[in-house]
Amino acid sequence: MQEGSINLYSDTQTRPTAAMRRFMAEAEVGDEQHGLDPSVNQLCEQVAELLGKEAAVFLPSGTMCNEIAILVHCKAGDEIYADHTAHIINFEGGGPSALAGAHIQPLAGRNGIYTAAMLARAIRQESRYSPRPRLVEVEQTSNLGGGAIWPLETIEAVANVAKAHSLRLHLDGARLLNAVVESGVAAYTFAQYFDSVWIDLSKGLGCPMGAVLAGSQNFIEEVWYWKQRIGGALRQAGIVAAAGLYALEHHVERLAEDHINARRFGEIITQCEGVRLQPETIETNIVFIDVAETGVSANAISQQLEVRGINIGAFTDTMLRAVTHLDVSAKQVEKAGTAFGEVITALRNA
Ligand SMILES: *Cc1c(COP(=O)(O)O)cnc(C)c1O
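Keep in mind that what you see is a predicted model, and the values were worked out from it rather than measured. (Residues numbered from 1 in each chain as written. Predicted model: local features only at pLDDT ≥ 70, side-chain atom pairs only at ≥ 80, totals over all residues. Heavy atoms only, no water.)

**Brief notes about the domain arrangement of the protein**
Selection rule: Segmentation into domains, and thus their bounds, comes from an automatic or database assignment. Here, residues are in contact when the closest pair of their heavy atoms is within 4.5 Å. By definition, the buried area sums, over both parts, the 1.4 Å-probe accessible area that each loses when the two are put together.
Parsing the protein into structural domains produces domain 1 (16-250) and domain 2 (254-349). Computed from C-alpha atoms alone, the centre-to-centre distance between domain 1 and domain 2 is 29 Å. If you look at the interface, domain 1 gives 20 residues, while domain 2 gives 15 residues. Taking both sides of the interface into account, the surface hidden between domain 1 and domain 2 amounts to around 1500 Å²; carbon and sulfur atoms contribute 57%.

Set out below in structure tokens:
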């Protein structure tokens, strides 16, 4: 992206701020895999407390949190229940099957959110003919569900069904803190139903990398075997963990601004004829834009925006996705929203 451009492609593309970089530069560090990095230790303690869990571990990415959690929870042939839009199904290179040998049954939820009744229907009777039911996965907020927030009651109902079948529960909390800030429900309140939960540092929190996976002491001990085994055990990782400490202090409450910006963006672009939002209600920082009725392709819109220095990705032929984050100001959102309408008009008239 060139200077002065507007990057609505993803909240993964945030850059560490000058203040975050200064904080990182001064971090106390040590040998992480020997438990000797004070910054990593502090981050893990803070996140464990935030999520109401006994222990936590620092990992290079959210994907590794999901994959290691699945490796700990599941044996080969076990079945996982997740919404069909789930990151573990669509964006992790087939990791659950490639690494854990686990089978995922996709549930047909709405905006990434399935119901307790759907889960109850999906869970198989124990039989040597079937994969063995093992794990229930929830994504808060739902990425492909347009940043939709799982209501606490839905999570509770899903957890009750899971527990009645002795299944474990895993929460992909890549954007859990977006849900927390928007709903006012505490992170540990959402997390209480789950055996494992993680938050991403490299999305809306604005860190260059890293994620923290939390659970019981026993669970985290098992996680450490996999962290070591697949090369996720680190050395002076405090330099990046410090970014996480900085973000937890300075970049959580401000997520509310991203949500306001996303809603404003949605408001502006839907003034353009044929532009629809999917879902219609923007709850957090992700906006899926359905342009089918404009008669213009999502790719053409994305390319013309790029010419104007605005980055919004085409997801399908008729759908784009815009994501607000700390590197996008309210003013830039106004500009991008206006440009969106202008580009469609220009393409229609061409
Ligand atoms: C981004 C994302 C991940 C993966 O996180 P990385 O840190 O990019 O590996 C997992 N789940 C969801 C819902 C995500 O949006």
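**Observations regarding empty space enclosed by the protein**
Formally: Throughout, the protein atoms alone are placed on a 1 Å grid, and a set of points is a cavity if a 1.4 Å probe fits but cannot get out or a pocket if it is open with protein on both sides within 12 Å along at least five of seven lines; lining residues have an atom within 4 Å of a point. Grid points are joined across faces, edges and corners, and a volume is the space filled by probe spheres set on the points. For helices the rule is a DSSP run of H or I covering at least 4 residues; for strands it is a run of E covering at least 2, with both sets numbered from the N terminus onward.
One pass over the structure, following the stated rule, counts two cavities of 30 Å³ or more. In this structure, the largest cavity occupies an estimated 50 Å³ of space. Counting residues per element, the lining of the largest cavity draws most heavily on helix α8 (residues 176-183), which supplies three residues. Estimated volume of the second largest cavity: approximately 40 Å³. Asp-83, Thr-85, Ala-86, Gly-112, Tyr-114, Glu-137, Val-138, Glu-139, Ser-142 and Trp-150 together form the lining of the second largest cavity. Sorting elements by how many residues they give to the lining of the second largest cavity places strand β5 (residues 132-139) first, with three residues.

**Concerning the sheet that holds strand β10 (residues 286-290)**
Note the cut-off: For two strands to be treated as a pair, DSSP must find at least two bridges joining them.
In space, the four strands of this open sheet follow the order β9-β10-β13-β12, with antiparallel pairing throughout. On the outer flanks of this sheet lie β9 (276-277) and β12 (313-314), each paired with one strand and no other. Bridge count between β10 and strand β13 (residues 319-323): five bridges; the pairing is antiparallel. By the bridge assignment, Ile-289 is partnered in β13 with Leu-320.

**A short note on the pattern of salt bridges**
Filter applied, for reference: By definition, a salt bridge exists where a carboxyl oxygen of Asp or Glu is found within 4 Å of a side-chain nitrogen of Lys or Arg. We call a residue buried when its accessible area falls under 20% of the maximum for its residue type, exposed when it is over 50%, and partly exposed in between, using a 1.4 Å probe and counting protein chains only.
Taken as a whole, this structure holds twelve salt bridges when the rule is applied. Across the pair Lys-203 and Asp-200 runs a salt bridge whose closest N-O atoms are separated by 3.6 Å. In terms of burial, Lys-203 and Asp-200 fall into one category: buried. Each of the salt bridges in this network shares a partner with another, and the network as a whole consists of Arg-264, Glu-267 and Glu-334.

**Looking at the sheet that holds strand β6 (residues 168-173)**
Filter applied, for reference: Whenever a helix is involved, its axis is fitted only over the stretch in contact; in every case the axis is a line through C-alpha atoms, and angles between N-to-C directions fall within 0 to 180 degrees.
Pairing is mixed across the open sheet formed by seven strands, whose spatial order is β2-β8-β7-β6-β5-β3-β4. Single-partner strands in this sheet number two, and they are β2 (55-59) and β4 (103-107). Taking each pair of neighbouring strands and ignoring which way they run, the sheet shows an average axis angle of 20°. Bridge analysis of β2 against strand β8 (residues 211-215) gives five bridges, and the strand direction is antiparallel. Residue Leu-59 lies in a different strand from β8, and its bridge partner there is Ala-211.

**Overview of the packing of aromatic side chains**
How two aromatic rings sit relative to each other is set out by the distance from centre to centre and by the angle between their planes. Inclusion rule: Only the six-membered ring of Trp is used, alongside the rings of Phe and Tyr, when aromatic pairs are assigned; centres must lie within 6.5 Å, and planes under 30 degrees apart are stacked while those over 60 apart are edge-to-face, with the rest tilted.
If you walk through the whole model with that rule in mind, you get four aromatic pairs. Note on Phe-265 and Phe-340: the rings are 6.2 Å apart at their centroids and 85° apart in plane angle, and the pair reads as edge-to-face. In this pair, Phe-265 sits in helix α12 (residues 255-269) while Phe-340 sits in helix α14 (residues 330-349), placing the two residues 75 residues apart along the sequence. Take Phe-265: its relative accessible area is 1%, and that puts it in the buried class. Phe-340 sits in the buried class, given a relative accessible area of 0%. Consider the rings of Phe-288 and Phe-315, whose centres lie 5.1 Å apart with planes at 85°: the pair is edge-to-face. One end of the pair, Phe-288, is in strand β10; the other, Phe-315, is in the loop between β12 and β13, and 27 residues separate them in sequence.

**A closer look at the nonpolar core**
What counts is decided by this rule: By nonpolar core we mean a set of buried residues, namely Ala, Val, Leu, Ile, Met, Phe, Trp, Tyr and Cys, connected to one another through side-chain atoms within 4.5 Å.
In this structure, Leu-43, Leu-51, Phe-58, Leu-119, Val-136, Leu-176 and Leu-177 are the most contacted members of the largest nonpolar core, which totals 59 residues. The element best represented in this core is helix α11 (residues 238-250), accounting for eight residues. Formed by 27 residues, the second largest nonpolar core is a distinct cluster that contains Val-287, Ile-289, Val-296 and Val-328.

**Focus: the site of the ligand**
Note the following rule: Residues are counted as near a molecule or strand when any one of their heavy atoms sits within 4 Å of it. Pairing of N or O atoms within 3.5 Å defines a polar contact, subject to two protein rules: one partner must be a possible hydrogen donor and the other a possible acceptor, and residues neighboring in sequence count only if both atoms are side-chain atoms. Only the protein chains shown count as covering a residue, and every accessible area follows the Shrake-Rupley method with a 1.4 Å probe. Under the convention adopted here, Pro, Cys and the residues Ala, Val, Leu, Ile, Met, Phe, Trp and Tyr are nonpolar, Asp, Glu, Lys and Arg are charged, and Gly plus all remaining residues are polar.
Surrounding the ligand, one finds 15 residues, the nearest of these being Gly-62, Thr-63, Asp-172, Asp-200 and Lys-203. For the ligand, an oxygen atom lies 2.7 Å from a polar atom in the side chain of Thr-63. A distance of 2.8 Å is found between an oxygen atom of the ligand and a side-chain nitrogen or oxygen belonging to Asp-200. Compared with its free state, where it exposes 380 Å², the ligand has 88% of that area covered by protein. Ranked by the residues each element gives to the shell around the ligand, the list is headed by helix α3 (residues 62-73), at three residues. Taken together, the residues of the shell around the ligand sort by class into two nonpolar, seven polar and six charged.

**Thoughts on the pairing of β8**
Judged by how many residues are buried, β8 sits mostly within the fold: five of five residues are covered. Where burial is concerned, the two faces of β8 agree: the one with Ala-211, Leu-213 and Gly-215 and the one with Val-212 and Ala-214 are both buried. Pairing between strand β7 (residues 196-200) and β8: five bridges, direction antiparallel. Each residue of the ladder has a partner; that of Trp-198, found in β8, is Leu-213.

**A short note on the packing of α8 against α12**
The cut-off we apply is this: Note on angle classes: values under 35 degrees are labelled roughly parallel, values over 145 roughly antiparallel, values of 65 to 115 roughly perpendicular, and the remainder oblique.
The geometry of α8 relative to α12 is characterised by a closest axis approach of 9 Å and an angle of 80° between their N-to-C directions. Considering their axes alone, α8 and α12 lie roughly perpendicular with respect to each other. Residues Leu-177, Asn-178, Val-181 and Glu-182 of α8 lie in contact with α12, whose contacting residues are Leu-255, Ala-256, His-259 and Arg-263. Taken together, the residues of the contact of α8 with α12 break down into four nonpolar, two polar and two charged.

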